[in-house]
Amino acid sequence: MIPQSFLNTIATEHRVSSAELEALSLAMQGESIANIARQLHIKEDAVRKRLSEVYQKFQIQGRGPVKLTKLQRHLINQYREKANLQAAFADSYNQAINSSPSKEAANRHNYIDWDAAPDVSVFYNRTNELATLNDWIVNQRCRLVAVLGIGGVGKTALTVKLAKQIQEQFDYLIWRSLSSAPSLEELLADLARILQPEVELSQFKTLERRIFWLITQLQARRCLLVFDGVEAILSPGKLAGTYLPNYQNYGQLFYRLAEEPSKSSLLLTSREKVGTVALLEGATSPVRSLKLDGLEEHARSLLQEKGLCGEQNWTTLIEQYRGNPLMLKLAATTVQEVFDGDVGEFLATTLFPHSVTDFVAQMVNRLSVLEDRVIVEIASQEMPIKLQQLITNLAEVSTQDIIDAVVSLKQRSLIEKVNHGFVIPSAVKEVINLSNK
Ligand SMILES: Nc1ncnc2c1ncn2[C@@H]1O[C@H](COP(=O)(O)OP(=O)(O)OP(=O)(O)O)[C@@H](O)[C@H]1O
Ligand SMILES: [Mg+2]
C-alpha cells in the first residue's frame, strides 16, 4: 500500500489538482468508479474525467481499466525506488554519524550535522551576546539572524556555542561553511539530501520553485540552519555586502526566508554585513544582526592560557588589538617565540607581527576604490575625524560617495564611530600605512 504522503508529493510534482488527487487516492485504494463517485458526491463520468486527466499527466497510455493498472504499477515502482533511496540515505547517515565527532550530539530526536564546524572547548565570556541571540532565535523566533564582525573576532566560535546551547529545541541543526563558495544550487541539493532525500530537486525547473521547496521544508519542522563565513559569496572591490556575480540568487533565498512565516531560523556569520540583511533588518523585523566586538578584559584569560607574562602590559596589548582573539593568538606566538612570553618586551620592540598584518591585509585588500580613498584619509588622522571634515578633505569625491564608503567600511568593521568622529583600529591603520608607504 502506498502511503498517502507519497501520493500527495508525486501528485504535486505532476501538477495533479486536489480534485483529481481525491479520485486518484480512492482509485489507488481499489475503489470502483461507482464507489468513488458516491464518496466524492460526483457523477461517475466526472470521476472518469478526473482520472483521465491524471493518466495524461503521468503519460499513461492505453484503454480504460488497463490504464488504471498501469498507473498503479507505475506509482508502486516509483515508491519502491524512493524507499530504496531512503534506505541508502539512512545507511550513509548512520555511517556519517558513527564516524564523525558530532556523534555524541546526534541524539534520537533530532538530526544534527555539524559539517566542519570547529570545536570550541576553550571559550571566554560572550554572555550578553549569547543571551541576545538566544532571545532573538528561541523567544522571538527571528528567521534570519546575522553575526557580523571583523575577521578573527570570534563569530564562528560564538555561533557554535549558541547552536550547542539551543540545538535541543530544533528538529534539525545543519551547519554549513560557505568558505568554498558553493553555488546556491549545490547548497540546496545538499540540504535536499538531508531534509527530503527522496526528492530530486532537478524536477523543480526554476530556482523560485527550489527555494519554495526549501521554505516548505522549513515550515514543516523546526530547523536551525547555519551558514558560516558568508563573506565568501560576497564580492571584493565592491561596497560591502554585494554578492559575487552568479551568487545574487543567495539574496533571493535570504529574502524569501525573511518574508515567509516559518518556525525555522537561518543563522549567518559574515565579515561584512550582507546586503539583504541590511535591507530587511529592524528592531521588530524577523531579521536581525549582531555586531561582534572584541573580548575586552576577558582576553586576559586567553593570554594567560598562552602562558604569557608581563601582565602590567596586557591591557595595552588588548586595547591595541581591540580584544580580537585570533590576532591576539597570532601575536602570542611571536611573544612566546621571540620575547620569552614577555608582553612588555614585545611592545617595546613592535606592535603587529607579519602574521597579524597579513591577516588584516586580506580584509583591506577587498575594499573598493572609493573605500580605499576614504580609509586612507581616516588612517592619516591622529584624532577621530568627523564626516564634515572628511567631505572637506576629499573635495574631489562627491558627498554621496563618501557617505556610501563610510557606511560600507562600518559594515566591514574596519572603521568605528566614536562620539566625535571616525577612527580606525590600530591593526588596520598599520596595514593601510604599510601599503601607502
Ligand atoms: N570567546 C572566545 N574565547 C576564547 N577563544 C575565542 C573566543 N572567540 C573566538 N576565539 C578563538 O579565536 C579564534 C578566532 O575565532 P573565530 O574563528 O570564531 O573568528 P571569526 O570571527 O569566525 O573569524 P573569521 O572571520 O576569520 O571567520 C579561534 O581560534 C577561536 O577559538
Ligand atoms: Mg569564522
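Only a predicted model underlies this, so the values are computations on that prediction, with no experimental measurement involved.

K.L.:
I'm lost on the domain arrangement of the protein chain in this one. Help?
P.N.:
How large an interface is tends to be reported as the accessible area lost when its parts come together. Once the domains are mapped, the protein chain shows domain 1 (4–94), domain 2 (105–291), domain 3 (298–343) and domain 4 (361–435). On a C-alpha basis, the centres of domain 1 and domain 3 stand 68 Å from each other.

K.L.:
Looking at this structure, how should I read the pairing of strand β3 (residues 172–177)?
P.N.:
Both faces of the sheet carry side chains from a regular strand, because those side chains alternate between them. For β3, the tally of buried residues reaches five of six residues, placing the bulk of the element in the interior. Relative to β3, strand β1 (residues 111–113) runs parallel, the two being bridged by three bridges. Looking across to β3, one finds that Ile112 is bridged to Leu173. Here β3 runs beside strand β4 (residues 223–228); their pairing, made up of six bridges, is parallel. Considered in β4, the bridge of Tyr172 is made with Cys223.

K.L.:
Which parts of the structure should I look at to understand the packing of helix α14 (residues 325–339) against helix α16 (residues 354–364)?
P.N.:
Packed helices, taken two at a time, are described by their axes: the angle between them and the distance between them. One can describe the packing of α14 onto α16 by two numbers: an axis separation of 8 Å at closest approach and a directional angle of 155°. As far as their axial angle goes, α16 and α14 are roughly antiparallel. Packed against α14, whose contacting residues are Leu326, Met327, Leu330, Ala331 and Thr334, the element α16 presents Ser355, Val356, Phe359 and Val360 at the interface. Each residue belonging to the contact of α14 with α16 can be placed in one class, and the counts come to seven nonpolar, two polar and no charged.

K.L.:
Is there a simple way to explain the sheet that holds strand β6 (residues 287–291) in this structure?
P.N.:
Paired through their backbone hydrogen bonds, the strands of a sheet run either parallel or antiparallel. The sheet built from six strands is open, its strands ordered β1-β3-β4-β5-β2-β6 with parallel pairing. Taken across any chain shown, the strands that pair with only one partner, and hence form the sheet edges, are β1 and β6. When the angles between neighbouring strand axes are averaged without regard to direction, this sheet yields 15°. Of the pairings in the sheet, the one linking β4 to strand β5 (residues 265–270) comprises four bridges and is parallel in character. What sits directly across from Leu224, in β5, is Ser265. Across the sheet, helix α6 (residues 127–139) touches β2 (144–148), β5 and β6, and the angle it forms with β6 is around 175°.

K.L.:
Would you explain the packing of aromatic side chains in this entry?
P.N.:
We describe a pair of aromatic rings using the distance from one ring centre to the other and the angle between the two ring planes. Counted according to the given criterion, the structure contains eight aromatic pairs. A ring pair is formed by Tyr243 and Phe254, whose centres lie 6.5 Å apart and whose planes are at 45°; its orientation type is tilted. Here Tyr243 is found in the loop between β4 and α10 (248–259), whereas its partner Phe254 is found in helix α10, with 11 residues between them in sequence. Take Tyr243: its relative accessible area is 12%, and that puts it in the buried class. Here Tyr247 and Tyr250 contribute two aromatic rings whose centre-to-centre distance is 6.1 Å and whose plane-to-plane angle is 20°, an arrangement assigned as stacked. Residue Tyr250 is classed as buried on the basis of its relative accessible area of 0%. Connected via pairs of aromatic rings, a cluster forms that spans Tyr243, Tyr247, Tyr250 and Phe254. Over the ring of Trp114 we find Lys164, and its NZ or CZ is 4.9 Å from the ring centre.

K.L.:
Quick question: what am I supposed to make of the site of ligand 1 here?
P.N.:
Close to ligand 1 lie 17 residues; Tyr124, Lys155, Thr156, Ala157 and Arg271 are nearest. Within the backbone of Gly154, a nitrogen or oxygen atom sits 3.0 Å from an oxygen atom of ligand 1. The separation between an oxygen atom of ligand 1 and a polar side-chain atom of Thr156 is 2.7 Å. Coverage of ligand 1 by the protein amounts to 82% of the 630 Å² it exposes when considered alone. Judged by the fraction of its atoms near the pocket grid, ligand 1 is located in the largest pocket. At the level of elements, α7 (155–166) and α14 are the ones that each hand at least two residues to the shell around ligand 1. Grouping the constituent residues of the shell around ligand 1 by class yields nine nonpolar, four polar and four charged. When residues of the shell around ligand 1 are sorted by domain, at least three fall in each of domain 2 (105–291) and domain 3 (298–343).

K.L.:
Sorry, what's going on with the layout of surface pockets here?
P.N.:
Over the atoms, a rolled probe matching the size of one water molecule traces out where space is still vacant. In this model, the largest pocket occupies a volume close to 620 Å³. What lines the largest pocket is a set of 28 residues, among which Gly152, Gly154, Ala157, Pro325 and Lys329 lie closest to the centre. Those elements that place two or more of their residues in the lining of the largest pocket are α7, α12 (299–305) and α14. Counted by class, the lining of the largest pocket contains 12 nonpolar, eight polar and eight charged residues. Residues from two domains meet in the lining of the largest pocket; each of domain 2 (105–291) and domain 3 (298–343) gives at least three.

K.L.:
Teacher, can you tell me more about the nonpolar core here?
P.N.:
Most often, soluble globular proteins keep nonpolar side chains buried together rather than apart. With 72 residues, the main nonpolar core has Tyr321, Ile375, Leu390 and Val428 as its most contacted residues. Beyond its immediate stretch of four places on either side in the chain, Val428 contacts Ile150, Val360, Val364, Ile375 and Leu414.

K.L.:
Sorry if this is basic, but what is going on with the pattern of salt bridges here?
P.N.:
Where charged atoms of side chains with opposite charge meet at close range, the side chains can pair. Following the criterion strictly, the structure yields 19 salt bridges and no others. Note that Arg271 is salt-bridged to Glu231, the shortest N-O span being 3.9 Å. With a gap of 40 residues between them, Arg271 in the loop between β5 and α11 (275–280) and Glu231 in the loop between β4 and α10 connect regions that are remote in the sequence. Here Glu272 ties to Arg366 by a salt bridge, and the two come within 3.0 Å at their closest N and O atoms. With a gap of 94 residues between them, Glu272 in the loop between β5 and α11 and Arg366 in the loop between α16 and α17 (369–379) connect regions that are remote in the sequence.

K.L.:
Is there a simple way to explain empty space enclosed by the protein in this structure?
P.N.:
Applying the stated criterion to the full structure yields one cavity of 30 Å³ or more. Within this model, the largest cavity holds a volume of roughly 50 Å³. Lining the largest cavity, in full, are Arg143, Ile215, Leu218, Arg256, Leu257, Glu260, Ser262, Ser264, Ser265 and Leu266. Those elements that place two or more of their residues in the lining of the largest cavity are α9 (207–220), α10 and β5. Across the lining of the largest cavity, the residue classes tally to four nonpolar, three polar and three charged.

Definitions and limits used
- Residues numbered from 1 in each chain as written.
- Chains lettered and ligands numbered in written order.
- Predicted model: local features only at pLDDT ≥ 70, side-chain atom pairs only at ≥ 80, totals over all residues.
- Heavy atoms only, no water.
- Domains from an automatic or database assignment.
- Buried < 20%, exposed > 50% of the residue type's maximum accessible area, 1.4 Å probe, protein only.
- Helix = DSSP H or I, 4+ residues; strand = E, 2+ residues; numbered from the N terminus.
- Pairing = 2+ DSSP bridges.
- Axes fitted to C-alpha atoms, helices over the stretch in contact; angles between N-to-C directions.
- Parallel < 35°, antiparallel > 145°, perpendicular 65-115°, else oblique.
- Contact = heavy atoms within 4.5 Å.
- Nonpolar A, V, L, I, M, F, W, Y, C, P; charged D, E, K, R; others polar.
- Phe/Tyr/Trp six-rings, centres within 6.5 Å; stacked < 30°, edge-to-face > 60°.
- Lys NZ or Arg CZ within 6 Å of the ring centre and 35° of its normal.
- Near = heavy atom within 4 Å.
- Polar contact = N/O pair within 3.5 Å; in protein donor to acceptor, adjacent residues only side chain to side chain.
- Areas by Shrake-Rupley, 256 points an atom, 1.4 Å probe, with all protein chains shown as cover.
- 1 Å grid on protein atoms, 1.4 Å probe; cavity = no way out; pocket = protein on both sides within 12 Å on 5 of 7 lines; lining within 4 Å.
- Sits in = over half its atoms within 2 Å of the grid points.
- Points joined across faces, edges and corners; volume = space filled by probe spheres on them.
- Core = buried A, V, L, I, M, F, W, Y, C linked by side-chain atoms within 4.5 Å.
- Salt bridge = Lys/Arg side-chain N within 4 Å of Asp/Glu carboxyl O.

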